[in-house]
Amino acid sequence: MHGSSAQTLQRRPFRLDARDRLSVRGEWFAGKPLSTQFLNAYTLLIPEGERFIIRTCRRYLDHADAGLREDLSRLFFQEGGHSREHRRVLAHMRKEGLGLDLFRHLVERISYRLLEKLSPSKLRLATAAAIEHHNAAIADFFLRQDLLREIRSVEIRRLFLWHFAEEIEHKEVVFKLLQRVSDSRLLRAAGLFASWATFLFYLAVGAMLLGLKTRAIFAGAFWRELVLHCGVRDGLLVVLVKESLRYLRADFHPRVETSRDLLGSALAELERLGVMGPRPRLISKMPVAFQKKMLPILNRVRSLRPVAPYFEAAIGEYDGAWVQNEGVRKLNFCTYSYLGLLRHPHIQEAARQAIERYGTGTHGVRLLGGNLELHDELEARIATFFNREAAITFSSGFMTNLAVISSLVGRGDHVLSDRLNHASIVDGCRLSGAEVVRFKHNDMLDLANRLGRLPEDARKLIVVDAVYSMDGNIAPIQELISLRDRHPNTLLMVDEAHSLGVLGPKGRGVEEHFDCVGQIDVLMGCLSKAVPAQGGYIAGTRDMITYLRFNARGFVYSAALSPAVAAAALAAFELIGREGAARRSRLMSNVRYFIQRLRNANFDIGNSASAIVPILLGSEALAFDLARRCNLEGLYATPVTHPVVPKGAERLRMNVTCDHRWKDLDFAIKVLQRSRTAEIARAA
Ligand SMILES: Cc1ncc(COP(=O)(O)O)c(C=O)c1O
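Residues numbered from 1 in each chain as written. Predicted model: local features only at pLDDT ≥ 70, side-chain atom pairs only at ≥ 80, totals over all residues.

**Quick word on the overall build of the protein chain**
On a plain count of helices and strands, the protein chain comes out with 24 helices and 14 strands. A globule of 684 residues ought to have a C-alpha radius of gyration of about 26 Å, and the protein chain, at 29 Å, matches this closely. Its C-alpha atoms give the protein chain principal-axis dimensions of roughly 95 × 60 × 55 Å. Residue pairs at least 24 apart in sequence account for 76% of intrachain contacts in the protein chain once pairs closer than 6 positions are excluded. (Helix = DSSP H or I, 4+ residues; strand = E, 2+ residues; numbered from the N terminus. Rg over C-alpha atoms; globule rule 2.2 N^0.38 Å. Contact = placed C-beta atoms within 7 Å.)

So this is what it looks like as structure tokens:
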């Protein structure tokens, strides 16, 4: 299917409009009380049902070839989206007294706590394939009869159009996976039976219960609809029975192609209602010279997608140490929210108030109309926090390094940069036009030698990360300061992206950690990590900051931070002062615990001494495979490979936060150990 499906089965993001009231009481349909309650019941079952499909198929990824894996990874993306958006509708249903909590909890207990645990995994896969087949038949029915057109709420219409269009494609993908695992017709029949006994049965019971709750069953129209569905040639029940019989035939093979026209019209309608249709294949329209430039990267991305789907796996929701990823709740080891401040109510409230007061954007650069009192307040707070005269903010951490390095040094100057510095520093050095001298990572002898060869009267900028983002180790700041002091005309710049809030008794970063506050000339940091907002800053002398305000092009020519972002950052600095100590103490105790346990379990974690803990693996294949196994078992972890790290230094990077509990960390280590054992067994 993967050649033919490219037009439709894709990562098409969809979100319900949050402003819509999404009323789900009987008024969706004009005069279709049973169908309304049927779709309501469908929504009740979808959030958990889709997760079951994802869990089940993930177990068998090993059986899929590259093409099928790619289709499955898109299917996970879509099913995760269905689960998320139906959960939103479910929240409305509950508000309106239609959540059927008891029924839902019973279904969840029986199906996922009991039956799922008791049944063999092959039967679960056969059930998933049959459920997808039934799903597709229901979708086909609603689309073919054009029933969705009659839904009054545009948002609900969009939801079902989108969902049903995607469901039609899923039947082929999951069936193919089942065929790769087993082509037993008996198993297929068992799956079909399970789908009838659970999914379709629950749908029917749910629709009746909702009919009772909404009193729809007291209307004659409800029963007339029921009779039509049960007795008439193209009623829903009859369609499902026919489809089930077809499903049991030896030569059965589902084909999306048979529904191509239907899908086309559903997608066209979606586009009309404001959801992206299939994306045009831009590459074929590119001039050949540009195609040639893009091809190596595109080919690499295409070859990686099936084996490393986690690069693009979208997060549906953050929840402390957990994320919803493609509909599955996983422990998050991919976050920079080291202090757990993301979604902190104080920060959320500050952002909300800023939007109320200023709106969502600034429409201007700071020097020409974009300067808000809020920006001045934030910069004053940053300066005070770091015990400096002044501070300046930029629209991202990346932009800060780019703009500041290229403003401080230029042609004829020298910039000395650690080999493992962040890409934004590397690019800032390049952009500056200064001579770039790269010294060995954290090697002060090498730096001293290189500095010694440069003329005394030349301008020199030493630039390092405080904590290295891929390794978690710390730069030797005191030695750097003394080297800077021994060489005239030299400035020291330090990127505190991963140390702000994390290092130092008060979270003031690497200077505080090494007890040398105020010694770094150009103190750079990000507002996008422990501070859960966006942007970057420099703290330093008033003269230097004034110079940057009028000379750093990334400041002069780029719009000011949006009000919500600036307010969130300001509130976060307040919180780091107020709650930081307790959060940092939990974080550091987690870090020590995790590092020690990993070492005891013989994992190579390099010299990590911070919240970033790399599991060094040394091979891309191993990194992808371990990441896949971790994600299967509920750990959200991504591999880091070339060109982000050198070839041979591939790893899994696990970021620890204060929200993790020791039992979470123990669980992570167990999963890592199991994955490593499985990988060794496979390689042997
Ligand atoms: C060391 C370092 N500096 C700068 C940046 C860029 O920051 P931002 O994501 O805010 O652009 C990062 C991003 O991860 C980083 O790790």
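**Details of the sheet that holds strand E14 (residues 651-655)**
If you trace the 3 strands from one edge of the open sheet to the other, you get E11-E14-E13, paired in antiparallel fashion. Each having just a single partner strand, strand E11 (612-616) and strand E13 (638-640) make up the two edges of the open sheet. Each strand axis lies, on average, 40° off the axis of its neighbour in the sheet, ignoring direction. With 5 bridges connecting them, E11 and E14 associate as antiparallel partners. (Pairing = 2+ DSSP bridges. Axes fitted to C-alpha atoms, helices over the stretch in contact; angles between N-to-C directions.)

**Some details on the nonpolar core**
Within the largest apolar cluster, 119 residues are counted, with the highest numbers of intra-cluster contacts made by Ile-538, Ala-568, Ala-569 and Ala-572. The element contributing the most residues to this core is helix H22 (residues 563-600), with 16 residues. Looking at this core, you find at least three residues from each of domain 2 (313-341 + 580-683) and domain 3 (362-561). Once residues within four sequence positions are removed from consideration, Ala-569 is found in contact with Leu-378, Leu-527, Val-531, Ala-533 and Gly-535. (Core = buried A, V, L, I, M, F, W, Y, C linked by C-beta atoms within 7 Å. Buried ≥ 20, exposed ≤ 12 C-beta atoms within 10 Å, placed from the backbone. Domains from an automatic or database assignment.)

**Regarding helix H6 (residues 154-181)**
Here H6 contains 28 residues, and its C-alpha end-to-end distance of 41 Å stays within 8% of the 40 Å for a straight helix at 1.5 Å per residue. At Glu-169, H6 shows its maximal kink, close to 30°. Most of H6 sits inside the fold, with 23 of its 28 residues counted as buried. (Expected span 1.5 Å × (residues − 1). Bend = angle between axes of the 7 residues up to and from the residue.)

**Section: the site of the ligand**
Near the ligand, the surroundings consist of 13 residues, among which Ser-396, Gly-397, Phe-398, Ser-469 and Ala-497 are the closest. For the shell around the ligand, the element with the most residues is helix H15 (residues 397-408), which contributes 3 residues. Split by residue class, the shell around the ligand holds 3 nonpolar, 8 polar and 2 charged. (Near = placed C-beta within 6 Å. Nonpolar A, V, L, I, M, F, W, Y, C, P; charged D, E, K, R; others polar.)

**Some thoughts on the domain arrangement of the protein chain**
Per the domain assignment, the segments of the protein chain are domain 1 (3-10 + 31-277), domain 2 (313-341 + 580-683) and domain 3 (362-561). Taking the mean C-alpha position of each, domain 1 and domain 2 sit 34 Å from one another. Residue composition of the side of domain 1 that touches domain 2, by class: 4 nonpolar, 2 polar and 6 charged.

**Quick notes on the environment of Leu-523**
With respect to the helices and strands, the residue Leu-523 is situated in strand E9 (residues 522-526). Leu-523 sits in the buried class, given 28 other C-beta atoms within 10 Å. The sequence separation of Leu-523 and Ser-469 amounts to 54 residues, and the corresponding C-alpha distance is 17 Å. Not counting residues up to four positions away in its chain, the partners in contact with Leu-523 are Phe-386, Arg-388, Val-494, Glu-496, Ile-538, Ala-539 and Gly-540.

**As for the sheet that holds strand E12 (residues 635-636)**
Strands sit in the order E1-E2-E3-E12 across an open sheet of 4 strands; the sheet is mixed. Taken across any chain shown, the strands that pair with only one partner, and hence form the sheet edges, are strand E1 (315-319) and E12. Where strand E3 (residues 328-332) and E12 come together, 2 bridges link them in parallel fashion. Considered in E12, the bridge of Asn-332 is made with Tyr-636.

**Some thoughts on the environment of Ser-73**
Looking at the element boundaries, Ser-73 is found in helix H3 (residues 66-95). Sequence separation between Ser-73 and Pro-563 is 490 residues, and the spatial gap between their C-alpha atoms is 37 Å.

**What to know about the pairing of E9**
Here E9 lies mainly inside the structure; 5 of its 5 residues are buried. Here E9 shows two buried faces, one formed by Val-522, Met-524 and Cys-526 and the other by Leu-523 and Gly-525.

**Here we look at unusual backbone geometry**
Here the amide bond leading from His-642 into Pro-643 is cis, since omega sits at 10°, within 30 degrees of zero. Here Pro-643 lies in the loop between E13 and E14. Phi is positive for Leu-100, close to 40°, though the residue is something other than glycine. For Leu-100, a count of 21 C-beta atoms within 10 Å puts it in the buried group. Positive phi outside glycine occurs at Arg-215, with the angle close to 65°. Positionally, Arg-215 belongs in the loop between helix H7 (185-213) and helix H8 (220-231). Residue Arg-215 is classed as exposed on the basis of its 11 C-beta neighbours within 10 Å.

**Some remarks on the confidence of the model for the protein chain**
Scored by pLDDT, the protein chain comes out at a mean of 90, with 94% of its residues at no less than 70. Confidence drops under a pLDDT of 50 for residues 1-7, and excluding neighbours within four residues, the segment shows 14 contacts in the predicted structure. Taken as a whole, residues 276-282 scores under 50 in pLDDT and shows 9 contacts with residues more than four places along the chain or in a different chain. (pLDDT = per-residue confidence, 0-100.)

**A few points about the pairing of strand E8 (residues 490-495)**
Burial analysis of E8 places 5 of its 6 residues in the buried class, which makes it a mostly covered element. Relative to E8, strand E7 (residues 460-465) runs parallel, the two sharing 6 bridges. Bridge assignment links Val-463 to a residue of E8, and that residue is Met-493. Each parallel crossover has a hand, and for E7 linked through helix H18 (residues 477-486) to E8 it is right-handed. Where E8 meets E9, 3 bridges bridge the pair, whose relative direction is parallel. (Right-handed = clockwise from strand over helix to strand, strands pointing away.)

**Let's talk about the packing of H3 against H6**
At a closest axis distance of 10 Å, the pairing of H3 and H6 adopts a crossing angle of 145°. As for how H3 packs across H6, the hand of that crossing is left-handed. Residue-level inspection shows Leu-68, Asp-71, Leu-72, Leu-75, Gln-78, His-82, Glu-85 and Val-89 of H3 in contact with H6, the latter providing Leu-159, His-163, Glu-166, His-170, Val-173, Lys-176 and Leu-177. (Left-handed = near helix turned anticlockwise from the far one by under 90°.)

**Here we look at the packing of helix H23 (residues 620-632) against helix H24 (residues 662-683)**
With their axes 9 Å apart at the nearest point, H23 and H24 run at an angle of 130° to one another. Judged by the inter-axis angle, H23 sits oblique to H24. Crossing hand, H23 versus H24: right-handed. Residues Leu-622, Asp-625, Leu-626, Arg-629 and Cys-630 of H23 pack against Val-671, Leu-672, Ser-675, Ala-678 and Glu-679 of H24. Class assignment of the residues belonging to the contact of H23 with H24 gives a composition of 6 nonpolar, 1 polar and 3 charged. (Parallel < 35°, antiparallel > 145°, perpendicular 65-115°, else oblique.)

**A few points about H23**
Since the α-helix turns once every 3.6 residues, residues separated by three or four places project in the same direction. The terminal C-alpha atoms of H23, which comprises 13 residues, lie 18 Å apart, in line with the 18 Å expected from a rise of 1.5 Å per residue. Looking at H23, one finds that the buried residues are Leu-622, Ala-623, Phe-624, Asp-625, Leu-626, Ala-627, Arg-628, Arg-629, Cys-630 and Asn-631. Immediately beyond the C-terminal end of H23, within one or two residues, lies Gly-634, with a positive phi of roughly 100°.

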